[in-house]
Amino acid sequence: MEHEKPFAITLDVGSSRANKTGAWRSERPVYVDLLPPCNQACPAGQDIQKWLYHAESGDYETAWRGIMADNPLPAVLGRICYRPCESACNRGQLDEAVGINSIERFLGDEGIEQGWTIPVAEPSGKRVLVVGAGPAGLSAAHHLARLGHAVVVRDAEAAPGGMMRYGIPRYRLPREVLDAEIRRIADMGVVFEQNSRVTDVVAAKAGFDAVFLAVGAQVGKRAYIPAGDTAHVLDAISLLHDVETGEQPLLGRRVAVYGGGNTAMDAARTAKRLGATDPVVVYRRTRAQMPAHESEVTEAVEEGVSMRWLSTISEIDGEGITVQKMRLDESGFPQPTGEFERLAADTVVLALGQDTDLSLVDELPDVERADGVVRVGPGMTTGHPGIFAGGDMVPSGRTATVAVGHGAKAAREIDAWLRGQAVSEPPTRREATFDNLNTWYYSDADRTVRPHLDLSRRVSTFDEIKGGLDASTALFEARRCLSCGNCFECDNCYGVCPDNAVLKLEPGERYAIDLDYCKGCGICVAECPCGAIEMVPEET
Amino acid sequence: MAVTPIKFYQTGSFAVGGRLLGDDQRSVQSGRQRINSIDCGHRACQGCGEALGARYALDAAMRATGNRMVAVNATGCLEVFSTPYPETSWRIPWLHSLFGNAPAVATGVAAALKAKGRTDVRVVGQGGDGGTVDIGFACLSGMFERNDDVLYICYDNEAYMNTGVQRSGATPPAARTATTPAVGAEPGAVFGQGKNVPMIALAHEIPYVATATVADLRDLEAKVTRAMEFRGARYLHVLVPCPLGWGSASHDTIRIARLAKESGIFPVFEAEHGEIVATSKIRHRVPVEDYLRRQTRYAHLFGDPPRTDVIEKIQALADRNIRRFALLEEA
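1. Digging into the sheet that holds strand β4 (residues 150-154) of chain A
All names here are of chain A. The five strands lie next to each other as β5-β4-β3-β6-β19, forming an open sheet whose pairing is parallel. In this open sheet, the two strands that pair with only one neighbour each are β5 (191-193) and β19 (387-389). Strand-to-strand, the axes of this sheet are offset by a mean angle of 20 degrees, without reference to chain direction. Examined bridge by bridge, strand β6 (residues 210-213) and β19 share three bridges and lie parallel to one another. When the bridges of β19 are listed, V211 appears paired with I387. Against the sheet, helix α14 (residues 400-418) makes contact with β3 (127-131), β6 and β19, and its axis sits at roughly 170 degrees relative to β6, the strand it touches most.

2. Some points on the environment of B:C154
Looking at the secondary structure, you find B:C154 in strand β5 (residues 151-156). Separated by 43 residues in sequence, B:C154 and B:V197 have C-alpha atoms that sit 9.3 Å apart.

3. Here we look at the pairing of β4(A)
Residues and elements named next belong to chain A. Summarising the sheet, β3 and β4 pair through five bridges and their orientation is parallel. Directly across from V130, in β4, lies its bridge partner V153. Handedness of the β3-helix α7 (residues 135-146)-β4 crossover: right-handed. Here three bridges tie β4 to β5, and the two strands are oriented parallel to one another. Across the sheet, V152 pairs through a bridge with V191, a residue of β5.

4. Here we look at the environment of B:H284
Inspection of the secondary structure puts B:H284 in the loop between β9 (275-279) and α10 (288-292). Note: C-alpha distance between B:H284 and B:G264 (20 residues apart in sequence) is 11 Å. When sequence neighbours within four positions are dropped, the list of residues in contact with B:H284 reads A:W440, A:D444 and B:E262.

5. What about unusual backbone geometry?
Residue and element names in this part refer to chain B. Here the residue pair Y85 and P86 is connected by a cis peptide bond, since its omega of 5 degrees sits within 30 degrees of zero. Examined against the element boundaries, P86 turns out to sit in the loop between α2 (77-82) and β2 (87-88). Cis geometry is found at the peptide bond from D304 to P305, where omega equals 0 degrees. Secondary-structure assignment places P305 in the loop between α10 and α11 (308-324). Within the chain, N67 stands out as a residue other than glycine whose phi angle is a positive 65 degrees. Mapped onto the elements of the fold, N67 is located in the loop between α1 (49-64) and β1 (69-73). Given a relative accessible area of 43%, N67 falls into the partly exposed group. A positive phi angle, near 50 degrees, is found at H273, a position not held by glycine.

6. As for the packing of helix α2 (residues 48-56) of chain A against helix α3 (residues 60-68) of chain A
Residues and elements named next belong to chain A. Where α2 contacts α3, the two axes come as close as 7 Å, and the packing angle between them is 170 degrees. With respect to α3, the element α2 is oriented roughly antiparallel. The crossing of α2 and α3 is left-handed. Here α2 contributes W51, H54 and A55 to the contact with α3, which in turn contributes Y60, T62, A63, G66 and I67. A class-by-class count of the residues in the contact of α2 with α3 yields five nonpolar, three polar and no charged.

7. Quick word on the sheet that holds strand β10 (residues 280-282) of chain A
Residues and elements named next belong to chain A. Strand order across the open sheet formed by five strands is β8-β15-β9-β10-β11, with parallel pairing between neighbours. Only two strands of the sheet have a single partner each, and these edge strands are β8 (233-235) and β11 (306-308). The average undirected angle you get between the axes of adjacent strands in this sheet is 25 degrees. Across four bridges, the pairing between strand β9 (residues 255-258) and strand β15 (residues 347-350) is parallel. Note on β15: the bridge partner recorded for V257 is V349.

8. Some words on the side chain of B:R234
Residues and elements named next belong to chain B. As for its placement among the helices and strands, R234 is situated in strand β7 (residues 234-239). There is a polar contact of 2.8 Å between the side chain of R234 and the backbone oxygen of G232. The contact partners of R234, leaving out residues within four places of it in the chain, are R122, M143, F144, D149, V150, L151, Y152, I206, Y208, A227 and M228.

So, how was this worked out
Residues numbered from 1 in each chain as written. Chains lettered and ligands numbered in written order. Predicted model: local features only at pLDDT ≥ 70, side-chain atom pairs only at ≥ 80, totals over all residues. Heavy atoms only, no water. Pairing = 2+ DSSP bridges. Helix = DSSP H or I, 4+ residues; strand = E, 2+ residues; numbered from the N terminus. Axes fitted to C-alpha atoms, helices over the stretch in contact; angles between N-to-C directions. Contact = heavy atoms within 4.5 Å. Right-handed = clockwise from strand over helix to strand, strands pointing away. Buried < 20%, exposed > 50% of the residue type's maximum accessible area, 1.4 Å probe, protein only. Parallel < 35°, antiparallel > 145°, perpendicular 65-115°, else oblique. Left-handed = near helix turned anticlockwise from the far one by under 90°. Nonpolar A, V, L, I, M, F, W, Y, C, P; charged D, E, K, R; others polar. Polar contact = N/O pair within 3.5 Å; in protein donor to acceptor, adjacent residues only side chain to side chain.

Structure follows, in C-alpha cells:
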C-alpha cells in the first residue's frame, strides 16, 4: 500500500547489507601458517610453536605429546640441547629469545612425574634391530615402537644412553632423568640387550627386517705428541667414561686439557670436581673460534678452569708440558711462532675429537664410507637396502639433538620401507620472519631466568647445575612466544576490520573473511601481531 | 629500577582479545556478540578510520548503557556513507538533522527523555571535526555550558573529508588540503591557527573530557565506559586517520594513529571536572617524521630539498605535548 509510506518516501528502507562492498576489492586477505624460525632451526624437527601454543593455556600434557611426536627425550634434551631454536627465535630481536629449552625441560620433567605414556600401534609383525642405545638409537626405537614394530636395541655398554651417559657429566644430565626417559621407551616394548657389542652387521641382521645403525663416535682421537715414559696422558672420552662407571681416574692436582670442544670443557670441569686445583684448557685458536658452546666455556671459566688460547702442546714429560704459542694468519689459521713455554701438569687429557669404529660394516661393500663416517641419503638410508644409519657415525653436527632428529627421520623411512610405501613429506612452509610481525602488540616481558646451583657446590659435587622452571614460570615463559606466522586467536583481525568483514568462528577454529563485505583494505594484515595473514591479488 | 607490570595474555593487553582471556578481561570488540552498531555494507572508503572509531565507541557505549541509547549524528562522512537512501547501516536508534546542530539535537533528545522520565536511556552525539570544531561549535559550547546529559564524540580526521578535503579548524599546520595547497614559502595549513577542542572542553570544566585514537582499542573502550558513568556534558575526541584525505595506505590507518600517539603529536589524556587525571604514556617514542612520512598531505616536506625547518617546528609541537601532558614514563 503505497499510501502508507511517509511523505516523500518511495522505497522501503533496508539494511546496508544489500550493498556488497566486497566488489570493491582488488586484493584479499588469506590466513596462512608459516614455518616459525624455531621449528626451522630444530635439528630434531620439532614444531616448537605448536606445542608452546598448548603450554600457553597450561595444557601441559598436550604440549608434552606435541614434543614427543618428534623428540622422545624432552627431559634430557631440555638439559643438554644447545638450543639452535633459541638462537633463531624472533623474540631475540625484540628483547630476549623465548626460553624454549627451559619449557621443554619442564614439560619433560612433568611427563616423568605424571607418568604419561605414549600409545603404541597394532603390531606390524616386522622386527627392527637398532645398534646403539644413544640418542639416535633411542629416538629410532621409540618411533618404531610407536608405529607398531618390534624393536631390539643392542648396545656395547652396561647401560643404555650412549654418550649421554658415558660422555656427558652428571652435573649437566642427572642419570635418574636419563633412566626415566629410557624406561619409558622400554615400557613401550623395546627390548634392550646391553653388553652386546655388534661386530658384524651381516650376522646381526638375521631375523630382522631392517637395521638402524647408530654406534656413535666412541674412539678418542690421538695426536702425535712426543711424550716421555713418565708422562700421564689419557683421552677425554675415557676419562668421562671411567667417571661414569665409578673408576676414579688418577689425575693429580694439575690437569691440562688439550682441545677446544664441548668434550674438552666437560673434561676440565670434571677434573675440577675430582679435585684438580687448577685445570687448564690448551687450545690452538682463540675463544671466538672454539667449537665449544658459549655457555659451556662461560660456566667452565666461572668454575675456575683457566684457558690458554693460541697454544699447542709440543711435548709432554713427567714434569709437565711444553706449549708453543700460535698466531692467526690472514685466513684465520693458527701458525707456530717458535715461542715456547713450560706448564706444570700432572696429567694431560686429550680432547681432540672422536672417531667411529666402522668395523661392523666391513662385510658390507655397498655401505659407502668416507672421512671415517658412513654416507647416508636424506632418509638416513645406506647403500644397503634395509640398513639405515644415523647419529655421530654419519656426516652431521655431533649433538644429541641432531641424533634424535636422525632417529626420527630413520624411523619414518624404515616404517615406509617395511610397509612398501614412500615417505610422505609434509609440504614446505615459508619461514615466518621478524619483519612480518607487528610487535607493538606484545607486552615487554623479560625472560624467566633458571636458577643456578651455588658455585661452591658446583665445583665440589656432580649435582645438577641448572634448576628448572615451575608451573607458573613455565606458563609465563611459554606465553612469551610470539607465535610467528601462526594464528593464536588474539581477535585482532576481528577487532580492527572497519567493515565487520572478519568472522569469528568457534574457539580453535580461528576466523574467516566475509568476502561479500571485505573491501581489501589490508588493516587486518598490517595489524596481525604474528604475521599470520597475507594479502593476495584478486583474480580478475 | 621501575618494575613494569606485565599484562598477559601473551600480547599483553594491547591486542583486541585472546583465546585465554576471562570475560572480565575481554574488550567489547573481541566478543562474538558485539553489537556492530554500524553494520557491513556501509560505503566508507577502504581502511576508513572513522567507520572503525564509530563502531568502537558506540559498541562500547551500548554495552555501558545496557543497549539503551540514542545516537545523534552531524552531517559528514559518517552520516553520508552509512545512510544513502534507502539503506542504513545503523543497528541502533539513530537521528540525523543538520551539519551544525548535532549537539543541540542531542540536547533536545536528552531533554525529551528527561521529560518523559526515561533517564535510563542515554544520549550520544557524534560528528566529524568539521561539524564539531567549526560548524557545530556554538551548539557544542552551549551544550557544555548547560551541562546537558550528553556524551559528544568527535571523530577527528583533521579536515572536511566528505566534501573533498578542505581545511577545518582541526587541520594541523603544514598539512596540505584542497584549500591549503602545498605552495609558496609556507606550504600547507598555517602554523598558529585552528582550535584545540579537547582543551576548550576542558576549560568548560564539564564532568569528563578525554582523547583517544583508533590505535588503542582498550583505552578507547575504557574511556567510553568511564564517560557513561557520569551525568552531564562529556566530550570524547578520537583521532581517526583518513586514507583518502591524508594520502596514506588503507592498511596503515591504525599504524598512523599509533604513530601520532607514540610521537606525542596527538596527546592521549583523560580529564574530570577540568583537571587532567591520566595520560597514556608513550611506549616506544618515535620522531614525528615517522608519522609524517606515511602521508602524502606532508609529501612537500620531504621533497628536494626537504623542509627540515618545518619538520622541526612540528617536532617542537610534539615535544611540547610530551612536556605539557607528561607523556613519557618517569625514568
